[in-house]
Amino acid sequence: MLGKIPAARTALINKIVTAARRTHRFASKGIEPTYLSSYFHGVSEHDLRAHTPDSLADIALRHLDLGRTRRRGQTLIKLADGLERPEGSPYRVIVAIVTDDMPFLVDSLGVVFIQLGIAVHLIVHPVMHVRRGKTGRLLAIGADEPDATAESWQLIEIDRPQDAAAARELEQKIRATLADVRAAVKDFKAMRAQTLEIAQGLDASTLPVPGADVAEARALLAWMEEQHFVFLGYRYYRLRRGKQSDTLVRDPASGLGILRTSRARDSGASKILRGTLRDRARAKTLLVLTKANSISTVHRASYLDYVGVKSF
């Protein structure tokens, strides 16, 4: 599970394990030594030397206490005092997270701290292969464990939030971001399949656009489906025409990823279109390619790319 690491790092991790044994009582066959070795496996020697073994052992074992019981699909988050330093660290806290391992986790959490203007001083993000009991109790750690599942244990040391309200806002944003990541990852295959279905269905449709436009749209969708596009959300809308304005009505059952009904960013079930927007919706063009007016919470903090395919 661990692979090879520099001898200097191994020596530093051994000091952390020794410190943990000195200050905590380990069971004779406890998981703590394996946990600590896995926990600090990917941390650089520079970061390990910047803190005392006792401090690193304490923070890791507090993280272990948080993750000792977790149901599958549950996200655990805790804000606590930061690492001890000779000069003290009154202005720092740690954010400890335990959740299912998924793509984009580290990048997406980084977006949260950037948007809130919070400085990050240390990141520890091991992927733990764990075996849990029926109630979620942690039983063993190791990739060779039967029925082991991958979990992301992330510890981020940051500047201390200004007050309790700022701390609550931070936790809420972390939970919302992780929910978006989970939704996008869970529905990724379904969104790819939907894209391929739309691309293949273009040939079977009678469309009021030139054949070259149809071929171009089909090629673009096929290219996107071949893992050249990070699918985050999908939704189907129906255009309801009116005398003065049109209404774009969403199909609540069609939502995938971050555009599931429960995760939708817009509060209403429909959008009123007037003027230029109405003209664009009625235009006999097959593709609508633009930037959305919201910034992605998953993977990177940029405006979302919007790819619309019309049906007639």
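See the structure above.
The structure presented is a predicted model; accordingly, all values stated were derived computationally and were not measured.

Draft legend 1. The arrangement of the packing of aromatic side chains in detail. Across all of its chains, the model carries five aromatic pairs by this definition. Site record: aromatic cluster; members linked through ring pairs are Tyr35, Tyr39, Phe40 and Trp153.

Draft legend 2. Quick look at the packing of helix α2 (residues 32-39) against helix α4 (residues 53-67). It is the contact of α2 with α4, at a shortest axis distance of 11 Å, that shows an interaxial angle of 110°. Judged on the interaxial angle alone, α4 and α2 are roughly perpendicular. Crossing of α2 over α4 shows right-handed handedness. Facing Glu32, Tyr35, Leu36 and Tyr39 of α2, the residues of α4 in contact are Ala60, Leu61, His63 and Leu64.

Draft legend 3. Structural context of the nonpolar core. By size, the foremost hydrophobic cluster in this structure holds 35 residues, and its most contacted members are Tyr35, Leu36, Tyr39, Phe40 and Leu48. When residues in this core are grouped by element, the largest group, seven residues, is from α4. Non-local contacts of Tyr39, meaning those with residues more than four positions away in its chain, are made with Ala60, His63, Val124, Pro126, Met128 and Leu155. Listed in part, the 21 residues of the second largest apolar core include Ile77, Val93, Ile97 and Leu170.

Draft legend 4. A look at the pattern of salt bridges. One pass over the structure, following the stated rule, counts 18 salt bridges. The closest approach of N and O atoms between Asp203 and Arg218, which form a salt bridge, is 2.5 Å. Within this pair, whereas Asp203 is found in the loop between α7 (188-201) and α8 (211-228), its partner Arg218 is found in helix α8, the two being separated by 15 residues in sequence. For Asp203, a relative accessible area of 53% puts it in the exposed group. A residue is classified by how much of its surface remains accessible, and Arg218, at 27% relative accessible area, is partly exposed. One continuous salt-bridge network, built from bridges that share partners, spans Arg70, Asp100, Arg132, Glu151 and Arg182.

Draft legend 5. Broad picture of helix α5 (residues 105-115). Looking at α5, one finds that the buried residues are Leu105, Ser108, Leu109, Val111, Val112 and Phe113. In the core, the buried residues of α5 are packed alongside β2 (92-100), β3 (120-124), β6 (149-159) and α6 (164-186). Of the residues one or two after α5, Gly117 is the one with positive phi, at around 70°.

Draft legend 6. How the structure looks around the sheet that holds strand β9 (residues 246-250). The strand order across the open sheet formed by three strands is β8-β9-β11, and the pairing between neighbours is antiparallel. Of all strands in the sheet, those bounded by a partner on one side alone are β8 (237-240) and β11 (270-273). Direction aside, the axes of adjacent strands within the sheet are offset by 20° on average. Both β9 and β11 contribute to a ladder of four bridges, which runs antiparallel. Looking at the pairing, Asp246 lines up with Leu273 of β11. Sitting on the sheet, helix α9 (residues 275-282) touches β8, β9 and β11, and the angle it makes with β11 is about 105°.

Draft legend 7. View of the pairing of β9. Counted residue by residue, β9 has four buried out of five residues, so it is predominantly covered. Bridge analysis of β8 against β9 gives four bridges, and the strand direction is antiparallel. Bridge pairing in β9 places Tyr237 opposite Arg250.

Draft legend 8. Quick look at the packing of helix α1 (residues 7-23) against α2. The geometry of α1 relative to α2 is characterised by a closest axis approach of 10 Å and an angle of 145° between their N-to-C directions. The handedness of the crossing between α1 and α2 is right-handed. Packed against α1, whose contacting residues are Ile13, Val17, Ala20 and Arg21, the element α2 presents Pro33, Leu36 and Ser37 at the interface. Counted by class, the contact of α1 with α2 contains five nonpolar, one polar and one charged residues.

Draft legend 9. The environment of Gln194, seen in detail. Take Gln194: it is sitting in helix α7. For Gln194 and Ala11, which are 183 residues apart along the polypeptide, the C-alpha to C-alpha distance reads 51 Å.

Draft legend 10. Highlighting unusual backbone geometry. The phi angle at Phe104 is positive, at roughly 75°, despite the residue not being glycine. As for its position among the elements, Phe104 is in the loop between β2 and α5. Unlike most non-glycine residues, Gln227 shows phi in positive territory, near 65°. Checked against the element boundaries, Gln227 lands in helix α8.

Draft legend 11. Examining the environment of Ala292 more closely. When you line up the elements, Ala292 lands in strand β12 (residues 287-295). Exposure remark for Ala292: the relative accessible area of 23% places this residue in the partly exposed category. Apart from the residues within four sequence positions on either side, Ala292 is in contact with Tyr303, Leu304 and Tyr306.

Cut-offs applied
Residues numbered from 1 in each chain as written. Predicted model: local features only at pLDDT ≥ 70, side-chain atom pairs only at ≥ 80, totals over all residues. Heavy atoms only, no water. Phe/Tyr/Trp six-rings, centres within 6.5 Å; stacked < 30°, edge-to-face > 60°. Axes fitted to C-alpha atoms, helices over the stretch in contact; angles between N-to-C directions. Helix = DSSP H or I, 4+ residues; strand = E, 2+ residues; numbered from the N terminus. Parallel < 35°, antiparallel > 145°, perpendicular 65-115°, else oblique. Left-handed = near helix turned anticlockwise from the far one by under 90°. Contact = heavy atoms within 4.5 Å. Core = buried A, V, L, I, M, F, W, Y, C linked by side-chain atoms within 4.5 Å. Buried < 20%, exposed > 50% of the residue type's maximum accessible area, 1.4 Å probe, protein only. Salt bridge = Lys/Arg side-chain N within 4 Å of Asp/Glu carboxyl O. Pairing = 2+ DSSP bridges. Nonpolar A, V, L, I, M, F, W, Y, C, P; charged D, E, K, R; others polar.

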